[in-house]
Amino acid sequence: MKAPCVIEDNPRQGILLIVGAVFLLALADALVKGLSDTLSLWQLLVIAPLISLPILILGWRRQYERLPRRLDTWGWIGVRNVLLLAMWIAFYAALPWIPLSIAAVGIYTTPLFIAVLAALGGEPLTRRHWTALWLGFAGVVIVLRPGDELFSPAMLLPLLAALCYAGAMVLTRTRCRESSPWLLALGLNLAFLLAGVVGNVVVVVVAPETSSGFLTLGWQRLDAIVYLMIGLYALLMVSVNLAVARAYQIAPSSLVGTFDYTYLIFAMGWGFWLFGEVPDGPMLVGMATILIAGWLMADG
């Protein structure tokens, strides 16, 4: 019987993988924001996996010969996929309504949620952790400005996405560490495809023919340029999913999470370059506060 594969930590490689992944992820999210007026979310979730799945199947077959034999491993992979699917739906649903930089700040409260999940699981929090939690909460309030005329309920969706992402990354490190990154990405894309099919059926049955919007729009006829952009998005997400899974497998979650924050810088850059989004003073203050909170949490 073949001995199980033992994954050794490689922090340097993990850092390089996560920085590269979030650079590509910020670009992919910018593409989704740009496409949100042209097609529906469910249409994207059908077309993109149809491009990604053949690549992932080929990659997995070339790298790994066996499927996991333990039923609990399949169960944890399934839970991880559900959490990531919920994360992407919540995050993408917010993009048509709010700037990319604000969405980025919301979802990068993830380390704060990881600490909360750890506390609920019985792991004690230090004074430094509690300071980070309160700082992060203050940063979120500064960015979202509830009660202000600029506040939108859509700003809460990235926070929901952050909670789902935190749970998925904890599972990646603790329950899916020895699973193939190719298999993890393959499962996630199958979940995307299933959600896209179900979503399109629900829209046809429930939504009126005149409905519009990223979540309620029906299947649209697309031109070649849009298909090329979806193809680019699919390729980007294949790279991102593989790199993120591998990074959290080979390096401590706290270390990877710290460099994961470079997404905020990349998202702000893509938002400015592609959409002319310029963060205001409170936005920058809130972003800096959340960055400090994340550093305290990760380094604590």
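Attention in this report is confined to the structure presented alongside it. (Residues numbered from 1 in each chain as written. Predicted model: local features only at pLDDT ≥ 70, side-chain atom pairs only at ≥ 80, totals over all residues. Heavy atoms only, no water.)

**Topic: the overall build of the protein**
Reasoning step 1: Within the protein, the regular secondary structure consists of 12 helices and zero strands.
Reasoning step 2: Counting from the amino terminus, helix and strand elements in the protein follow one another as α-α-α-α-α-α-α-α-α-α-α-α.
Reasoning step 3: Split into buried and exposed, the 300 residues of the protein put 51% on the buried side.
Reasoning step 4: Excluding contacts between residues fewer than 6 apart, the proportion of contacts in the protein whose partners are at least 24 apart in sequence is 90%. (Helix = DSSP H or I, 4+ residues; strand = E, 2+ residues; numbered from the N terminus. Buried < 20%, exposed > 50% of the residue type's maximum accessible area, 1.4 Å probe, protein only. Contact = heavy atoms within 4.5 Å.)

**Some thoughts on the packing of helix α1 (residues 11-35) against helix α9 (residues 224-250)**
Reasoning step 1: Relative to each other, α1 and α9 sit at 155 degrees, their axes nearing to 8 Å. As far as their axial angle goes, α9 and α1 are roughly antiparallel. Between α1 and α9 the crossing geometry is left-handed.
Reasoning step 2: Across the contact of α1 with α9, the residue classes tally to 24 nonpolar, three polar and one charged. (Axes fitted to C-alpha atoms, helices over the stretch in contact; angles between N-to-C directions. Parallel < 35°, antiparallel > 145°, perpendicular 65-115°, else oblique. Left-handed = near helix turned anticlockwise from the far one by under 90°. Nonpolar A, V, L, I, M, F, W, Y, C, P; charged D, E, K, R; others polar.)

**Re the pattern of salt bridges**
Reasoning step 1: Enumeration according to the criterion identifies one salt bridge in this entry.
Reasoning step 2: Here E277 and K33 are joined by a salt bridge, their closest N and O atoms 3.8 Å apart. Linking E277 in the loop between α11 (262-275) and α12 (281-299) with K33 in helix α1, this pair joins segments that are 244 residues apart in sequence. We note that E277, like K33, is buried. (Salt bridge = Lys/Arg side-chain N within 4 Å of Asp/Glu carboxyl O.)

**Details of the nonpolar core**
Nonpolar side chains in soluble globular proteins tend to end up buried together.
Reasoning step 1: In terms of nonpolar packing, the biggest core is built from 75 residues, with Y92, I230, Y233 and Y263 touching the most fellow members.
Reasoning step 2: Core analysis: the second largest hydrophobic core is formed by 14 residues, L56, I77, L184 and V238 among them. (Core = buried A, V, L, I, M, F, W, Y, C linked by side-chain atoms within 4.5 Å.)

**What about a nonpolar patch on the surface?**
Reasoning step 1: On the surface, L194, V197, V198, V201, V202, V204, V205 and V206 cluster together to form a nonpolar patch covering roughly 760 Å² of accessible area.
Reasoning step 2: Tracing the chain through its elements places L194 in helix α8 (residues 181-206). (Patch = residues over 30% accessible without salt bridge, like charges linked within 9 Å, V, L, I, M, F, W, Y side chains within 5 Å. Areas by Shrake-Rupley, 256 points an atom, 1.4 Å probe, with all protein chains shown as cover.)

**Some points on the environment of H129**
Reasoning step 1: By the element assignment, H129 lies in helix α6 (residues 127-144).
Reasoning step 2: We classify H129 as buried; its relative accessible area is 11%.
Reasoning step 3: Measuring from C-alpha to C-alpha, the distance between H129 and A115 comes to 7.6 Å, with 14 residues separating the pair along the chain.

**Topic: the side chain of E277**
Reasoning step 1: Residue classification places E277 among the buried positions, given a relative accessible area of 13%.
Reasoning step 2: Every residue in contact with E277, bar those within four places of it in the chain, is listed here: K33, P99, L100, S101, G271 and F272.

**Observations regarding the packing of aromatic side chains**
Reasoning step 1: Scanning the entire structure with this criterion turns up six aromatic pairs.
Reasoning step 2: Taking the centre distance of 6.3 Å and the plane angle of 65 degrees together, the rings of Y92 and Y233 count as edge-to-face. Of this pair, Y92 sits in helix α3 (residues 71-94) while Y233 sits in helix α9, placing them 141 residues apart in sequence. Here Y92 and Y233 have matching classes, each one buried.
Reasoning step 3: Taken together, the aromatic side chains of F23, F266, W270 and W273 make up a single cluster linked through ring pairs.
Reasoning step 4: Note that K33 overlies the ring of F275, its terminal NZ or CZ placed 5.8 Å from the centroid. (Phe/Tyr/Trp six-rings, centres within 6.5 Å; stacked < 30°, edge-to-face > 60°. Lys NZ or Arg CZ within 6 Å of the ring centre and 35° of its normal.)

**Some remarks on the side chain of K33**
Reasoning step 1: For K33, a relative accessible area of 13% corresponds to the buried category.
Reasoning step 2: Each residue touching K33, except ones within four places of it in the same chain, is listed here: L95, I98, P99, L100, F275 and E277.

**Concerning helix α4 (residues 100-107)**
Residues separated by three or four positions in an α-helix point in the same direction, a consequence of the helix having 3.6 residues per turn.
Reasoning step 1: Of all eight residues in α4, eight are buried; the element is thus mostly enclosed.
Reasoning step 2: The set of residues buried in α4 consists of L100, S101, I102, A103, A104, V105, G106 and I107.

**Side note on the environment of L44**
Reasoning step 1: By the secondary structure assignment, L44 is in helix α2 (residues 41-63).
Reasoning step 2: Looking at L44, the relative accessible area reads 1%, which means it is buried.
Reasoning step 3: C-alpha separation for the pair L44 and F192, spaced 148 residues apart in sequence, amounts to 9.1 Å.
Reasoning step 4: When neighbours within four sequence positions are excluded, L44 is seen to be in contact with V32, L39, P49, I230 and Y233.

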